[in-house]
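Observations on chain architecture
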Amino acid sequence: MYVYTIMNLKKSIIYFCFFCVLLVSAQENTTNASLQYFDVKVVVEAKNTGKRIKDAEVFVEGRYYRYRLIDNHYLVKAKVGDELRISHSDFETVYYRIQSDEEIKILVEDYTPLNDENEELYSSKRKRVETSDLYHQFLDSAKFYKKKDIDKSLTFIEKILRTKPSTSKNAKTYKTLADIYLFWKQYDLAIYNYKLSNQIQPSATTKILLAQAAFLANNLEYSQQILENIVNDKLTDFEKIDVLEGLGDVNLKTKKYVKSKNYYREALKIAKKNGITSKITDLNSKTADVFVAEGNVAKAKATFKSALNFAAKESVNRVLKEEEKVADFLNQNQRYDDEIKLRKESLKKAATQKSSKNVSVHKDSITSQKINYKIGNAYISKEAYKEAIPYLKQSIKDADEKEDIVVEKVATRKLSEVYAAVGDYDSALKSYQDYVKLVDKSYIKKEQEIYQATRLSKTIANNQNRIASLEKDKELAESRINLAYTNQKLSEQSSQKQLTIIYSLFGGFVLMSLLVYFMFKNIKQQKIANNLLALKSMRSQMNPHFIFNALNSVNSFIAENDERSANRYLSEFSLLMRSVLENSDEDFIPLTKEVELIELYVKLEHNRFKDKFEYSIIVDKTIQLEEFSIPPMLLQPYIENAIWHGLRYKKEKGRLNISIFQKDKETLSILIEDDGIGRKKSQEIKTKNQLKQKSKGMSTIQNRIAILNNMYKERITVNVSNLFENEEGTKVALLLKKN
């Protein structure tokens, strides 16, 4: 029985393991399916006519796709979760998240493309369509030659600008021009043209590219300013990721590591939510760079590993780049065995990439000669010189075949040093002689590159000057035509005397305009000066009624031999007076200071009239008080009225409530409520002298608010009303807008 149980247990374990393998396999297949690329047909039609739109700009994750005339649709390559963007100068940009390989049909409202049937009826429109077609042809050509021939690319941009494109097309043209300059690392010109494009037609995409160009030009402050200005705007998920990643890059470069990590993590959340694998890889890799900069080796290692896992789901070249970063990290931490192991794996992948057909190798690609050289260098670092020799030789061989003179040169020099280290001086001498030849060859090549770079800079400068002068030439030509026409008219219709009168009148008009302008400016400045003087005068007026009563209270405390109360009251009163005097020259002070001031004032009054009222001051904790400011001592007169003319005359004990809460994002509501005898009864029992003082105090505060609202565009609103229907109690409602 015991043996039977053990055998059954073994079988159960085997079945369970087999089931787990199947489950993991199924999950991997599902994951791979979701990351698998497929072809999707995209049809863009005018809803009212059913005509297909052939000149739209169709993008999937930054890749541009042209219209296929044979199949009458756009054919894009995508995977589940990718964002499709369709833009056109004649309708708003359309965004769509791809869910499957089914055909996508976009219907555009209020779009009527012209055709051959209505050609005679709309000849003027036909010319515009022909110009539009020409525009798209030139723009496509400029993009096609962007990475191949900058001279040709800029020539097509020049041709577009000669066709006098519309505002939206003009903005798109300058953006494309900036893209070209960005690719060729002409960052200043890229920044200039991105700015121009954004001025013509503001766009979040253009602003992001402008920030990237500024970052590459090492203008970090400007790059950060642009990104911070748009980070809270309505952006697509891809644009949001780009903005947050850009802010992370700027903070990493300025060594603000905590901020950098926070931005990368926020962008990573969006990328993971939308399954954007390429961005997940990049953001993990950059987060690891931050950990490296902080010296946190353990976290850097774990984050690099995560980046490698996601890179494996992309292209081989992307994996190679990430493995290169990780290997460099291992080298910095002197983990040479791990570095060598990883670089050998990269070498196998590089060989696979080399054997694949139609694979274009970029100059920044991770090539076999570079990997072999770094493996050899790692062996040298751990003093395993003999193991380094075959890798250095292979690096030299591969570099020679691919005409990579830079790697061939450094590998040859390193090989000479290794031979010398192992005592093979003949081989060391031969390698050094080869190195000297390569130095000469490299020098000649460098001279050629400098000459080509000089020619390229000259070509770019000439093209940019021609492009920049196109608009000026147009304006100049139009001005010349208008001037010639005016001169002709004047010579036909008027004499020299009439011309003199016209010029005199014109001069008089200019002088009169200048005089009116300066008078207006002077009046405006005088008005501002008068307002400032009036405000200063009003601020300097504090109701002496409170000062005298406060001093009388001190006197009564002294008369009662209550020295402690007198000292405490006098100390608190001096604090209040100091605050008032400190703020007397300011139009506005932070709301936090005003709250402290009224708390102190109410406390003093409560000490004097404990038997007359209780009070509460409630400030909503969610309010960002530092974002709001208020004229100093604005609330005190209303509180004083509540105490002296409402609560003081009440037979039973009253209540004073002061509350501050947020009405909306830009406005605070401040309520001062008392359940005193009310304004009507207070008016009836006042003396004539009190009536004059009250009237003067209220008129002063009203005038002060009126002047401030005039200067600062209606920032303060005050409404005074009865608290109860029987006309008892008073409610002061004050609305304060944000700075």
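Everything quoted here is computed from the prediction, not taken from an experiment. (Residues numbered from 1 in each chain as written. Predicted model: local features only at pLDDT ≥ 70, side-chain atom pairs only at ≥ 80, totals over all residues. Heavy atoms only, no water.)

A few words now on the overall build of the protein chain. Counting its regular elements, the protein chain contains 24 helices and 15 strands. Here the contacts in the protein chain between residues at least 6 apart in sequence split such that 62% fall between residues at least 24 apart. Summing over all exposed atoms, the protein chain offers an accessible surface of approximately 43900 Å²; the carbon and sulfur share of this is 53%. (Helix = DSSP H or I, 4+ residues; strand = E, 2+ residues; numbered from the N terminus. Contact = heavy atoms within 4.5 Å. Areas by Shrake-Rupley, 256 points an atom, 1.4 Å probe, with all protein chains shown as cover.)

A separate point is empty space enclosed by the protein. Within this structure, the stated rule accounts for one cavity of 30 Å³ or more. Roughly 30 Å³ of internal volume is contained in the largest cavity. For the largest cavity, the full set of lining residues is Leu320, Glu323, Glu324, Ala327, Arg343, Ser346, Ile366 and Ile371. Only α12 (316–332) and α13 (336–355) provide two or more residues apiece to the lining of the largest cavity. (1 Å grid on protein atoms, 1.4 Å probe; cavity = no way out; pocket = protein on both sides within 12 Å on 5 of 7 lines; lining within 4 Å. Points joined across faces, edges and corners; volume = space filled by probe spheres on them.)

Quick look at the nonpolar core now. Among the nonpolar cores identified, the biggest contains 44 residues, and Ile157, Tyr194, Ile241, Val243 and Leu283 are the most heavily contacted of them. The contact partners of Leu283, leaving out residues within four places of it in the chain, are Ile241, Glu245, Tyr264, Ala267, Leu268 and Ala271. Residues Ile598, Ile630, Ile658 and Ile670 belong to the second largest nonpolar core, which totals 43 residues. (Core = buried A, V, L, I, M, F, W, Y, C linked by side-chain atoms within 4.5 Å. Buried < 20%, exposed > 50% of the residue type's maximum accessible area, 1.4 Å probe, protein only.)

A few words now on the packing of aromatic side chains. Under the counting rule described, the total for this entry stands at seven aromatic pairs. Summarising the aromatic geometry, the rings of Phe144 and Tyr145 are spaced 5.1 Å apart at their centres and angled 85° between planes, so their arrangement reads as edge-to-face. Take Tyr145: its relative accessible area is 22%, and that puts it in the partly exposed class. Through successive ring pairs, a cluster of aromatic residues spans Phe138, Phe144, Tyr145 and Phe156. Between Arg648 and the ring centre of Tyr649, over which it is positioned, the NZ or CZ distance is 4.9 Å. (Phe/Tyr/Trp six-rings, centres within 6.5 Å; stacked < 30°, edge-to-face > 60°. Lys NZ or Arg CZ within 6 Å of the ring centre and 35° of its normal.)

Scored by pLDDT, the protein chain has a mean of 76; 75% of the residues are at 70 or more. Considering only residues more than four positions removed or in separate chains, one finds that residues 355–361, a stretch of pLDDT under 50, has two contacts. (pLDDT = per-residue confidence, 0-100.)

A separate point is the sheet that holds strand β1 (residues 38–46). Here we have four strands laid out as an open sheet, ordered β4-β5-β1-β8, and mixed in their pairing. For this open sheet the edge positions go to β4 (67–68) and β8 (104–108), each flanked by a neighbour on one side alone. By the bridge criterion, five bridges tie β1 to β8 in an arrangement that is parallel. Its bridge partner lying in β8, Val42 is registered against Ile104. (Pairing = 2+ DSSP bridges.)

Read across the sheet, five strands follow the order β10-β12-β13-β15-β14 without closing on themselves; strand pairing throughout is mixed. On the outer flanks of this sheet lie β10 (613–619) and β14 (716–722), each paired with one strand and no other. The average undirected angle you get between the axes of adjacent strands in this sheet is 15°. Bridge count for β10 against strand β12 (residues 654–664) is seven bridges, and the pairing is parallel. Bridge pairing in β12 links Ser616 to Asn657. Here helix α22 (residues 636–647) sits on the sheet in contact with β10, β12, β13 (667–674), β14 and β15 (730–737), set at roughly 150° to β12. (Axes fitted to C-alpha atoms, helices over the stretch in contact; angles between N-to-C directions.)

It is worth spelling out the pairing of β13 at this point. Counting buried residues in β13 gives seven out of eight residues, a clear majority hidden from the surface. As defined by bridge partners, β12 adjoins β13 across eight bridges and the pair is classed as antiparallel. Counted as the bridge partner of Asp664 is Thr667 from β13. As consecutive antiparallel partners, β12 and β13 are separated by two residues. Note: β13 against β15, eight bridges, orientation antiparallel.

Summarising the element assignment, Leu252 is placed in helix α8 (residues 237–253). Considered as a pair, Leu252 and Asp289 are 37 residues apart in the sequence and their alpha carbons are 8.6 Å apart. When residues no more than four places from it in sequence are discounted, the contact partners of Leu252 are Tyr257, Ser260, Tyr264, Asp289 and Val290.

To continue, consider the environment of Lys610. Examined against the element boundaries, Lys610 turns out to sit in the loop between α21 (591–608) and β10. Assessed through its relative accessible area of 44%, Lys610 is described here as partly exposed. Taking C-alpha positions, Lys610 is 8.8 Å from Lys653, a pair spaced 43 residues apart along the chain.

Turning our attention to helix α14 (residues 368–381). Over its 14 residues, α14 extends 20 Å from the first C-alpha to the last, a length consistent with the 20 Å expected when each residue adds 1.5 Å. Among the 14 residues of α14, 10 are classified as buried, and the element is accordingly described as predominantly covered. Of the residues making up α14, those classed as buried are Ser368, Gln369, Ile371, Asn372, Tyr373, Ile375, Gly376, Ala378, Tyr379 and Ile380. Where α14 ends, the next residue or the one after it, Glu383, has phi of about 65°, a positive value. (Expected span 1.5 Å × (residues − 1).)

This model, assessed by the stated rule, comprises 30 salt bridges. The partner of Asp434 in a salt bridge is Lys430, and the shortest N-O contact between them spans 3.5 Å. Pair noted here: Asp434 and Lys430 are both in helix α17 (residues 425–493), with a separation of four residues, about one helical turn. Several salt bridges share partner residues, and in doing so they unite Asp242, Glu245, Asp249, Lys279 and Lys286 into one network. (Salt bridge = Lys/Arg side-chain N within 4 Å of Asp/Glu carboxyl O.)

Attention now moves to helix α20 (residues 563–582). Taking 1.5 Å of rise per residue, the 20 residues of α20 would be expected to cover 28 Å, and the 28 Å separating its terminal C-alpha atoms lies within 8% of that figure. All buried positions along α20 are accounted for by Ser565, Ala566, Tyr569, Glu572, Phe573, Leu576, Met577 and Val580. Each buried residue of α20 lies within a common arc of 140° when the element is viewed along its axis, so the set occupies one face. In this structure, α20 carries Glu563, Arg564, Leu581 and Glu582 as exposed residues pointing more than 90 degrees from its buried face. (Arc of directions from axis to C-beta.)

A surface patch of nonpolar side chains, about 770 Å² in accessible area, is lined by Phe506, Phe509, Val510, Leu511, Leu514, Tyr517 and Phe518. Here Leu514 shows up in helix α18 (residues 496–540). Under the relative-accessibility criterion, Leu514 is labelled partly exposed at 41%. (Patch = residues over 30% accessible without salt bridge, like charges linked within 9 Å, V, L, I, M, F, W, Y side chains within 5 Å.)

What follows is about unusual backbone geometry. A negative phi angle characterises most non-glycine residues, just as the trans form characterises most peptide bonds. In this structure, Lys185 takes a positive phi of about 60° despite not being glycine. In this fold, Lys185 is placed in the loop between α4 (167–183) and α5 (187–200). Taking the relative accessible area as the measure of exposure, Lys185 reaches 54% and is therefore exposed. A positive phi angle, near 65°, is found at Lys255, a position not held by glycine. Summarising the element assignment, Lys255 is placed in the loop between α8 and α9 (257–274).

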